[in-house]
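What follows is the residue order along each chain.
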Amino acid sequence: MLTGTDKLLESGCDVEKKEKLCRSRGGESCAFDGAMIVLQPIADTAHLVHGPIACCGNTWEGRGTLSSRGDLFKLGFTTDIDEIDIVYGSESRLFNAIVQTYRSVHPKAIFVYSTCVSGLIGEDLDAICRKAEDACGIRVIPVNAPGFVGPKNLGNRIAGEVLLDSVIGTGEPPDNLLAKGGFINLIGEYNIAGDLWLIEPALRKAGIRIMSRITGDATFEEITYAHRADLNVVVCSRALVNVAKEMERKYGIPYVEVSFFGKTEMAKALRGIGNGFSRSGRLSGLSDFDLKQKIDEVIESEEARIDEKLKKYAHLRGMKAVLYTGGVKSWSFISALQDLGIEIVAVGTKKSTVEDEEKMKAILG
Ligand code: SF4
């Protein structure tokens, strides 16, 4: 049987190098920040940080994620605990803060985050959240990812487990949505600077519909019925691959991993999703042949449009570049720059998994 730790470490990197999921190469934030990065884009929920105010400040508005579902996620909520709370405990303060948050902004749900200080003094987040749930009548969900347990990547995974344990599978989609079929979940796309709003129209044109966005531009409700999708599409490195793997085990939903960054990767992603539907046999609405034909048509028309726009960058062809980036960007940037005819002469990376590094090597040859 898989333990919680196994699930967190599984496929974070090559199995032989799983300890590297927790490696930090400097310049990387903590597990608490990693958990908030994943959950905070759920825009109709409140995110309450149980810790000193600096933890809330550390994560607030750091990512540039955007949403069309309201701006509640832009507010920072914290218990702002201090020395007295450390000595005497602050569970009643946390309970009152949850109730006050509920009464002030009426969120769809409240995520409550532990931090180094509340974790070290042993605050029982689970018990307080259960009590607050009864008092408020909405979901109050503990996120036990204090900063000291590891780096950002581990926090991403813990947040994924929180979604699996407490959100996904707790709701049902409207009947008219379910009847259409042929839906994907987009996992690990956070709509940073609105990138989802460029991707989603292209997917729609190709006949691919999104059931749940996990979590950029998402509502809490749509994530509750993510288990009804036909295919999971994992974006952004392998930070949330644990969610896709567990949903395959639990609900039989297959998954594909893609990047939408750049012309070549976008075309690969669309074809990968088409193949994923074929393999799953769960496609409805369009036949396998029609979907693939539609995807090819979209790629052809979008590439013609992009080529036209890229003409003004033709002078970059033949130039050399050194890249220093991280995560999925470590290899998707290579591909995007190669689309422009730029030669990559050296690459540095941080926060990348071993698989990311392998992809970098494969693209560079
Ligand atoms: S949780 Fe810990 S490491 Fe993270 S911001 Fe707070 S004090 Fe710093």
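Bear in mind the structure is a predicted one, so any value in this text is a computation, not a measurement.

Draft legend 1. Seen up close, the sheet that holds strand β7 (residues 231-234). The strand order β6-β5-β7-β8 describes an open sheet built from four strands, whose pairing is parallel. Across the chains shown, the open sheet's two edge strands, defined by having one partner strand only, are β6 (209-215) and β8 (255-257). The sheet shows a mean angle of 20° between the axes of neighbouring strands, direction not considered. Bridge count for strand β5 (residues 183-189) against β6 is six bridges, and the pairing is parallel. Bridged to L186 within β6 is R213. Here helix α10 (residues 196-205) sits on the sheet in contact with β5 and β6, set at roughly 160° to β6. Against the sheet, helix α13 (residues 263-280) engages β5, β7 and β8, with an angle of about 160° to β8.

Draft legend 2. Spotlight on the site of the ligand. Within the structure, the ligand sits among C30, F32, C55, N58, T115, C116 and G147. By residue class, the composition of the shell around the ligand is four nonpolar, three polar and no charged.

Draft legend 3. Quick look at the sheet that holds strand β4 (residues 139-143). Taken in spatial order, the four strands make up an open sheet running β2-β1-β3-β4, and their pairing is parallel. At either end of the open sheet lies a strand with only one pairing partner, and these are β2 (77-78) and β4. Of the pairings in the sheet, the one linking strand β1 (residues 46-50) to β2 comprises two bridges and is parallel in character. When the sheet's bridge partners are listed, L48 is paired in β2 with F77. Against the sheet, helix α7 (residues 125-136) contacts β1, β3 (109-114) and β4, and its axis sits at roughly 170° relative to β4. Where helix α8 (residues 152-166) meets the sheet, its contacts fall on β3 and β4, and the angle it forms with β4 comes to roughly 145°.

Reading the values: rules and limits
Residues numbered from 1 in each chain as written. Predicted model: local features only at pLDDT ≥ 70, side-chain atom pairs only at ≥ 80, totals over all residues. Heavy atoms only, no water. Pairing = 2+ DSSP bridges. Helix = DSSP H or I, 4+ residues; strand = E, 2+ residues; numbered from the N terminus. Axes fitted to C-alpha atoms, helices over the stretch in contact; angles between N-to-C directions. Contact = heavy atoms within 4.5 Å. Near = heavy atom within 4 Å. Nonpolar A, V, L, I, M, F, W, Y, C, P; charged D, E, K, R; others polar.

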